[in-house]
Amino acid sequence: MTVTDHTAPPASADLARFDAALRRADLVAAQLRATAAERDRANKPPLAEIELLREADLLQVGEPVEYGGSGLDYAQSQQLTRRVARGDTSIAHLLGYHYAQQRIPHLFGTADQADELSRRNAQFKPFWGGVQNPRGASGLTLTRDGSGFRLDGRRTFASGAGVADQLSVTAELDGDLVFLSIPARREGFTPLNDWDNIGQRLTDSGGVVFDGVRIERSEILGEDPLTGRVPSAYQTLVTPHWQLAFVNFYIGTAEGALEEALDWTRLHASPWETSGLESATDDPYILELVGALRSEVTAAALLADHAGEALQSALDIGPDLTPDQRAEAAIAIAEAKYVTTKVSLDVASRLFEIQGARATTTSYGFDRHWRNLRTHTVHDPVAYKAREVGDWTLNRRAPQFTLYS
């Protein structure tokens, strides 16, 4: 199967740099796919995989060219996430989150903070992990401590935090939400290394503990005073950043899973004994299913492209973004989240109908596609995304800002 990309790159980035980054992502995906099943079973920290991303110059693509980046916009960066997902959903998950974390200083930080971190990203290519999932946790609390702060608490889920160079963290200060950007290897920070779920096994998404971790004022994003302010519509685009990453690694996984299934079918599948055919690739039922799934994947990919364009348009407006403009972008992503969830799970489940029973052999590891998708697609219930779309469509009520919407 040839995967087709339907969108021309936005004018905000140089076409040659974007094309070069896409080619590098494709090469990484091919390398990851060759060992994906074996690495999934081993369930080891993804240190080598992050180095692969670094060596392919994929970690700093969103930084300005003059600093050493590729100058890609956010929607383009997440197109790379989609490409990598065709080879390994776990590593695409890490990459998509990485891009989202890197953009947070531009939403919540001062101009100087954002510029300093951009320069550092471009020069040193750090991998960013996130400690931001607010569920299943006692919470993280910042306390003033002399000229600085102390961070305490626990989070149950924290993707990539145990293998990260830089951490993007949300915490509570005086009852308000604040964003931090801190080096990962700091005294008092302990990854629990307890991630052992059925899917996304290489995302290092286990719990973490902060015990009296020293935080400097410069590491808390934003102007003084740090609390007492309502986030602007522009700042609340932080959540659509994460959701667009999800959309892209869902549909990228579906594209890769279908391509793998078709390759295996061409090489190994046998025709059914009553079909009267010499090749399984001529079976009309297989052809119908391939056509149906390919059509669904293509449609979902187009919707994912539309969601990326909608978010990028909102980002390009900047701090003058209105609540209604924010809502339109969030709804476009919610639509794509709903559809890519349904389509990707359907593809990952039904690919065995194309291949046949022999493809369920454990050594092939084709089940990892469904396990990965099923694990992450319950990150936040997709039914709530459909509800948000319906409420906006029928009542013009915008999604309420949370770390999920």
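Nothing here was measured: the structure is a model prediction, and the numbers come from that model.

## As for the pattern of salt bridges
Applying the stated criterion across every chain, the model contains 28 salt bridges. Where Arg86 meets Glu255, a salt bridge forms, and the shortest distance between an N and an O atom there is 2.8 Å. Residue Arg86 is located in the loop between helix H3 (74-85) and helix H4 (89-108), and its partner Glu255 is located in helix H6 (residues 238-268); the two are separated by 169 residues in the primary sequence. Classification of Arg86 as buried rests on a relative accessible area of 9%. The shortest N-O distance in the salt bridge between Arg120 and Glu116 comes to 2.8 Å. Of this pair, Arg120 and Glu116 both sit in helix H5 (residues 111-124), separated by four residues, roughly a single helical turn. A residue is classified by how much of its surface remains accessible, and Arg120, at 29% relative accessible area, is partly exposed.

## Focus: the confidence of the model for the protein
Put simply, the protein has an average pLDDT of 95, and 96% of its residues get 70 or more. Per-residue pLDDT stays below 50 along residues 6-11; that stretch engages in eleven contacts with residues further than four places along the chain or on separate chains.

## What about the layout of surface pockets?
Its volume calculated, the largest pocket comes out at about 460 Å³. In terms of lining residues, the largest pocket is bounded by 27 residues, among which Tyr97, Asn133, Phe157, His376 and His379 are the most central. Only H4, strand E1 (128-131), H6 and helix H9 (367-377) provide two or more residues apiece to the lining of the largest pocket. Among the elements that line the lining of the largest pocket, the one with the most residues is H6, at four residues. Residues belonging to the lining of the largest pocket are distributed by class as follows: eleven nonpolar, 14 polar and two charged.

## Looking at the packing of aromatic side chains
For the structure shown, the criterion picks out nine aromatic pairs. Pairing Phe246 with Tyr250 gives two aromatic rings, centres 6.5 Å apart and planes at 25°, and the pair type is stacked. Of this pair, Phe246 and Tyr250 both sit in helix H6, four residues apart, which is roughly one turn of the helix. With relative accessibility at 1%, the residue Tyr250 sits in the buried group.

## With respect to the nonpolar core
Within the largest apolar cluster, 104 residues are counted, with the highest numbers of intra-cluster contacts made by Leu142, Leu151, Leu167, Leu180 and Phe210. A total of 15 residues in this core trace back to one element, the largest contributor, which is H6. Grouped together as the second largest cluster of nonpolar side chains are five residues, Ala327, Ile331, Val389 and Trp392 included.

## Some points on H4
If you check H4, its first and last C-alpha atoms are 29 Å apart, about what 20 residues at 1.5 Å a residue would give, namely 28 Å. Among the 20 residues of H4, 19 are classified as buried, and the element is accordingly described as predominantly covered.

## A few points about empty space enclosed by the protein
Tallied over the entire structure, the rule returns five cavities of 30 Å³ or more. Size it by volume and the largest cavity reaches roughly 70 Å³. Thr239, Pro240, Gln243, Ala330, Ile333, Ala334, Lys385, Glu388, Pro399, Tyr404 and Ser405 together form the lining of the largest cavity. Those elements giving two or more residues to the lining of the largest cavity turn out to be H6, helix H8 (323-355) and helix H10 (382-395). For the lining of the largest cavity, the per-class residue count stands at six nonpolar, three polar and two charged.

## Observations regarding the side chain of Asp305
The topology assignment puts Asp305 in helix H7 (residues 284-317). Only 2.8 Å separates the side chain of Asp305 from the side chain of Arg82, close enough to count as a polar contact.

## Concerning unusual backbone geometry
What you tend to see is this: most non-glycine residues have negative phi, and most peptide bonds are trans. The step from Asp224 to Pro225 runs through a cis peptide bond, and the omega angle for that step is -5°. The topology assignment puts Pro225 in the loop between strand E7 (208-215) and H6. At Asn43, a position not held by glycine, the phi torsion is positive, near 55°. Within the secondary structure, Asn43 is located in the loop between helix H1 (15-42) and helix H2 (47-55). Judged by relative accessible area, which is 22%, Asn43 ranks as partly exposed. Phi at Asn193 takes a positive value of approximately 55°, unusual for a residue other than glycine.

Rules used in this analysis
Residues numbered from 1 in each chain as written. Predicted model: local features only at pLDDT ≥ 70, side-chain atom pairs only at ≥ 80, totals over all residues. Heavy atoms only, no water. Salt bridge = Lys/Arg side-chain N within 4 Å of Asp/Glu carboxyl O. Helix = DSSP H or I, 4+ residues; strand = E, 2+ residues; numbered from the N terminus. Buried < 20%, exposed > 50% of the residue type's maximum accessible area, 1.4 Å probe, protein only. pLDDT = per-residue confidence, 0-100. Contact = heavy atoms within 4.5 Å. 1 Å grid on protein atoms, 1.4 Å probe; cavity = no way out; pocket = protein on both sides within 12 Å on 5 of 7 lines; lining within 4 Å. Points joined across faces, edges and corners; volume = space filled by probe spheres on them. Nonpolar A, V, L, I, M, F, W, Y, C, P; charged D, E, K, R; others polar. Phe/Tyr/Trp six-rings, centres within 6.5 Å; stacked < 30°, edge-to-face > 60°. Core = buried A, V, L, I, M, F, W, Y, C linked by side-chain atoms within 4.5 Å. Expected span 1.5 Å × (residues − 1). Polar contact = N/O pair within 3.5 Å; in protein donor to acceptor, adjacent residues only side chain to side chain.

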